[in-house]
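# Summary of the model geometry
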Amino acid sequence: MIGLISATSAGAAARDRLAAAWPERTRVYDGPVGDAVRAAFAECEQLVCFLATGAVVRLVAPLLGDKTSDPGVVCVDESGRFAVSLVGGHGGGSNELAREVGELLGAEPVVTTATDAVGLPGLDTLGFPVEGDVAAVSRALLDGEPVALKAESAWPLPALKVTEEGGEYTVRLTDRLVAAAEREVVLRPPSLVVGVGASKGAPVDEVLGLIESSLADAGLSVRSVAELATVDAKSEEPGIVGAAQRLGVPLVTYSAEELASVEVPNPSDAPLAAVGTPSVAEAAALLQGGELLVPKQKSAARPAMATCAVVRRPARGRLAVVGLGPGARDLVTPRAKAELQRASVLVGLDQYVDQIRDLLRPGTRILESGLGAEEERARTAVAEARKGQAVALIGSGDAGVYAMASPALAEASDDIDVIGVPGVTAALAAAAILGAPLGHDHVSISLSDLHTPWEVIERRVRAAAEADIVVTFYNPRSRGRDWQLPKALAILAEHREPTTPVGVVRNASRADESSRLTTLGSLDPATVDMMTVVTVGNTATRDIAGRMVTPRGYRWQTAEEGAQ
């Protein structure tokens, strides 16, 4: 919960905007400001104070205890110009909260945490439990000191400016039960799956105690447990459900039939008779693959009411296929920027890399190539992800529209995680410039026959023409392909009047953008090149005040037909 505190009418107005936007996340604290701050500090995970920074400092200073448990505090000035991350930048989440508040209120987020300021990810913000001397190792990264990464398995980390060996400082990635050494940070990857079985009414303490002792005896960290797994019939067993809640991990369940198909070292007749599978704990842990580290263990109680087994799953690389939009920086989505910052490896066309190079974190490895190497880039990106890397594969517009998503997914199998990040397409950017040409059904067709036979392209153009669908042509004309656009326009002209509006946009959203509205009968194909998007209206499309508009309905068309 986010506590909201204000002292003036201007602050209250901004406070109420936040409360209206986040009704489930916020709670307004009225009354004397000092009392409100103290109450919110005790009851909330985060605070947003619409007060002077000095006042907030004085009010929260006596309340501060430990940065791992104190709430994050954001301070917004009276005029709403700045959202200052004051306390708990990482641990309390106030850096991200300042950005969210700034976006909502139109304020500039002010973040002074050193790692954030220079673009390095905080070691305590990577999504892994962290132990050790975070401050010293972070300082070493900031100062450019050699920091070695000792990863026992390859998990997809962002760029950290680390080396594989050497240096007085270390970042260790392990699920083993080891203590952090001096000048070392230990990251706990979510690599362990604990399969659990339990008799009806098994106490949560017995289930949890078995899990913790089994992990400890095997030298494994409980902080690397990713999930508990069991049979469907035990999905509501209080002891299992309670153990998952106390560990803070999800409970995953499988059918008895699925578990019975898993070969295990220690099958038993008891679970077969009770729930229909010869193994619950081992089978549930092994079902998604991995190495069995702890075979089935029974709890120490007499009679034993719980069993568990532990499996280490292999690390999965991460491939984000990112659409950068049509070219303008403000059309790169926040999600795309976040994925670029999350990546340790970037793969892309050299000219697209140049567009967003400044958005990358220091130390990001860049693998760039020129035009015509799309399939090679896709293979490279997938290969890097299979090594356990966090990879971003970039393309213009939307990555799934005439871009890198399809060749990448054709190469990728289910051994990596693939995340699609949508982007603004050239067709959408051009449409926004022209007016509203895509107001009803529309289709995009590429006129490049490098990958698609012209016979197929022509059949698609003819189908769109006959169906009276608005058409956006990508790749309309190049030096070596100068006849395809005239041919496509001639096909459309068989079904549409010469006065049909046509929008021509070159370099949509870029600095040298140009656009014009013409007609099907007047368009000169020689004025079009590969950087141009051509949108041809349907029989209902109109030029209204110099804007290209396709109505959502057919009232105009019906009215005109009735007047004839």
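Definitions and limits used
Residues numbered from 1 in each chain as written. Predicted model: local features only at pLDDT ≥ 70, side-chain atom pairs only at ≥ 80, totals over all residues. Heavy atoms only, no water. Pairing = 2+ DSSP bridges. Helix = DSSP H or I, 4+ residues; strand = E, 2+ residues; numbered from the N terminus. Phe/Tyr/Trp six-rings, centres within 6.5 Å; stacked < 30°, edge-to-face > 60°. Buried < 20%, exposed > 50% of the residue type's maximum accessible area, 1.4 Å probe, protein only. Lys NZ or Arg CZ within 6 Å of the ring centre and 35° of its normal. Axes fitted to C-alpha atoms, helices over the stretch in contact; angles between N-to-C directions. Contact = heavy atoms within 4.5 Å. Polar contact = N/O pair within 3.5 Å; in protein donor to acceptor, adjacent residues only side chain to side chain. Arc of directions from axis to C-beta. Lys, Arg positive; Asp, Glu negative; His and termini not counted. Salt bridge = Lys/Arg side-chain N within 4 Å of Asp/Glu carboxyl O. pLDDT = per-residue confidence, 0-100. Core = buried A, V, L, I, M, F, W, Y, C linked by side-chain atoms within 4.5 Å.

### A closer look at the sheet that holds strand β27 (residues 542-544)
Reading across the sheet, the three strands line up as β21-β28-β27 and stay open at both edges, with mixed pairing between neighbours. Every interior strand has two partners, whereas the edge strands, β21 (435-436) and β27, have only one. Pairing geometry for β27 and strand β28 (residues 547-549), over three bridges, is antiparallel. Its bridge partner being in β28, I544 is matched across the sheet by R547.

### Observations regarding the packing of aromatic side chains
Summed over all chains, the structure comprises two aromatic pairs. An angle of 55° between the planes, with centres 4.7 Å apart, marks the rings of Y402 and Y474 as tilted. One end of the pair, Y402, is in the loop between β19 (390-395) and α15 (405-411); the other, Y474, is in strand β23 (residues 470-474), with 72 residues separating them in the sequence. The partly exposed category is assigned to Y402, whose relative accessible area is 45%. Sitting above the plane of the W22 ring, R25 keeps its charged end 4.3 Å from the centroid.

### A few points about the sheet that holds strand β6 (residues 108-110)
Whenever strands of a sheet pair, they do so through backbone hydrogen bonds, lying parallel or antiparallel. If you walk across this open sheet you meet the six strands as β2-β1-β3-β4-β5-β6, and the pairing is mixed. The open sheet is flanked by β2 (26-28) and β6, the only strands paired with a single partner. Along the sheet, successive strands turn relative to each other by an average axial angle of 25°, direction set aside. In this sheet, strand β4 (residues 72-76) lies alongside strand β3 (residues 46-50) in parallel orientation, the contact comprising four bridges. Each bridged residue has a counterpart across the sheet, and for L47 the counterpart in β4 is V73. Contacts from helix α2 (residues 33-43) reach β1 (2-6), β2 and β3 within the one sheet, and its direction differs from that of β1 by about 175°.

### Brief notes about the pairing of strand β9 (residues 169-173)
Most of β9 sits out of view: five of its five residues are buried. Side-chain alternation along β9 places Y169, V171 and L173 on one buried face and T170 and R172 on a second face that is also buried. Alignment of strand β8 (residues 147-151) against β9, held across five bridges, turns out to be parallel. If you follow A148 over to β9, its bridge partner there is T170. Relative to strand β10 (residues 184-187), β9 runs parallel, the two sharing four bridges. What sits directly across from L173, in β10, is L187.

### Some words on the environment of N507
Along the chain, N507 falls in the loop between β24 (501-506) and β25 (514-519). The exposure class assigned to N507 is buried, which follows from its relative accessible area of 7%. For the pair N507 and V196, spaced 311 residues apart in sequence, the C-alpha separation works out to 58 Å. For N507, the residues in contact, after removing those within four places along its chain, are D512, E513 and M531. At 2.9 Å, the side chain of N507 and the side chain of D512 are in polar contact.

### Considering α2
Since the α-helix packs 3.6 residues into each turn, any two residues three or four apart lie on the same face. What α2 keeps buried is the set G34, A36, V37, A40 and F41. Seen end-on, α2 carries its buried residues on one side only, within an arc spanning 160°. Buried residues in α2 make contact with β1, β3 and α3 (53-60).

### Let's talk about the side chain of E237
With respect to the element layout, E237 can be found in the loop between β12 (225-231) and α8 (238-247). Despite being buried, E237 has no salt bridge partner; K234 is the closest side chain of opposite charge, sitting 4.0 Å away. Apart from residues no more than four positions distant in its own chain, E237 is found in contact with A198, S199, K200, G201 and A202.

### Examining the confidence of the model for the chain
Caution applies to low-pLDDT parts of the model: their predicted coordinates are not meant to be read in detail. The pLDDT averaged across the chain works out to 90; a share of 96% of its residues lies at or above 70. Averaged over each element, pLDDT in the chain is lowest for helix α19 (residues 555-563) (52) and highest for β23 (97).

### Side note on the nonpolar core
Core analysis: the largest hydrophobic core is formed by 22 residues, its most contacted members being V194, V207, I211 and L228. When contributions to this core are tallied by element, the ones reaching two or more residues are β11 (192-198), α7 (204-217), β12, α8 and β15 (306-312). Per-element tally for this core: the top contributor is α7, with six residues. Setting aside chain neighbours within four positions, we find V194 in contact with I211, V225, E227, L228, A229, C308, A309 and V310. In terms of nonpolar packing, the next biggest core, distinct from the first, is built from 21 residues, A464, L485, A488 and V502 among them.

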